[in-house]
2 protein chains.
Amino acid sequence: MTNPFKTLEQQHKGYRVALADMLPHIRFNEQGLVPAIAQQYDSKEVLMLAWMNQQALEETLATGRVCYWSRSRQTLWRKGESSGQIQRLQGLRIDCDGDTLLLQVDQTGPACHTGRRACFFYEVDGDALIINSDVLIDPEALYREKSTD
Amino acid sequence: MTNPFKTLEQQHKGYRVALADMLPHIRFNEQGLVPAIAQQYDSKEVLMLAWMNQQALEETLATGRVCYWSRSRQTLWRKGESSGQIQRLQGLRIDCDGDTLLLQVDQTGPACHTGRRACFFYEVDGDALIINSDVLIDPEALYREKSTD
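Computed from a predicted model, the values in this text were never measured in an experiment. (Residues numbered from 1 in each chain as written. Chains lettered and ligands numbered in written order. Predicted model: local features only at pLDDT ≥ 70, side-chain atom pairs only at ≥ 80, totals over all residues. Heavy atoms only, no water.)

1. As for the packing of aromatic side chains
Logical step 1: Taken as a whole, this structure holds seven aromatic pairs over all chains when the rule is applied.
Logical step 2: Between A:Phe5 and B:Tyr122, the ring centres sit 5.3 Å apart and the planes meet at 70°, which makes this aromatic pair edge-to-face. With one member in each of two chains, A:Phe5 in helix H1 (residues 4-8) and B:Tyr122 in strand S8 (residues 122-125) form a pair that bridges those chains.
Logical step 3: Judged by relative accessible area, B:Tyr122 falls into the buried class, the value being 1%.
Logical step 4: Ring centres of A:Trp51 and B:Trp51 lie 6.5 Å apart, and the angle between their planes is 45°; on these two criteria the pair is classed as tilted. Here A:Trp51 is found in strand S3 (residues 46-52), whereas its partner B:Trp51 is found in strand S3 (residues 46-52) on a different chain.
Logical step 5: Here A:Trp51 falls in the buried class, since its relative accessible area comes to 10%.
Logical step 6: Members of the aromatic cluster, connected to one another through ring pairs, are A:Phe5, B:Phe121 and B:Tyr122.
Logical step 7: One residue, B:Arg116, lies across the ring of B:Phe121, its end atom 4.0 Å from the ring centre. (Phe/Tyr/Trp six-rings, centres within 6.5 Å; stacked < 30°, edge-to-face > 60°. Helix = DSSP H or I, 4+ residues; strand = E, 2+ residues; numbered from the N terminus. Buried < 20%, exposed > 50% of the residue type's maximum accessible area, 1.4 Å probe, protein only. Lys NZ or Arg CZ within 6 Å of the ring centre and 35° of its normal.)

Here it is as structure tokens:
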């Protein structure tokens, strides 16, 4: 079957189709997951990349609060459920071939389990890798109430 | 073995380690790939997500021109080799657990095979999915010289 996202790609800006007609065609991988990039909606900082299954995506769209699939814990992961550092959905985009999501979010505090604002804190600098940001909140304080993220 | 990226995470901003000591610990998946997000370095627009194997990453760091692994063609994919729309590497970041890359690039023209600037042109708008941008360059013109992207 032709990928419906490919079929629509020649349409012009402003072209509309029912979301319910396209969601079933998102191309989840062999584990039933798609990568989801979280970008702070106003500063445009890329905060993290996580994974969603169909249920996590549907819940996120229904509630406006971002829910991922935790590959390590094999369960739905309502971002911030342990740390309180939630993500409110401001916008959601799907890429040209329907296999990647871009979430525009409003992140409360740190997105990263280390207590840093963003997960991409290892930065290449010539022959070195440097840490580019400090912790905003000590992770021991973030996770004091619960045992895991 | 403890993930070396996890071991370093408690270090402070400005901490440096040899890049050569960390590259071998990047956590490529079972297909030998990591997701690589490409973000326009100045506007911060997220352009696309593609995949890199170790060779693609090493070539990108060595040449400063972004090279991915094409999953559909199972070959190295020097971005722009067909279309001329190359990506110059301005910065490279690795996430907290060493399994995702964030490339800050300077993208010549459209990043997307459709001729649009970015691949994330399907945007959720209530119950609809809308196309949020127009084609900059007709893909037939982009790929006139070669048969595939």
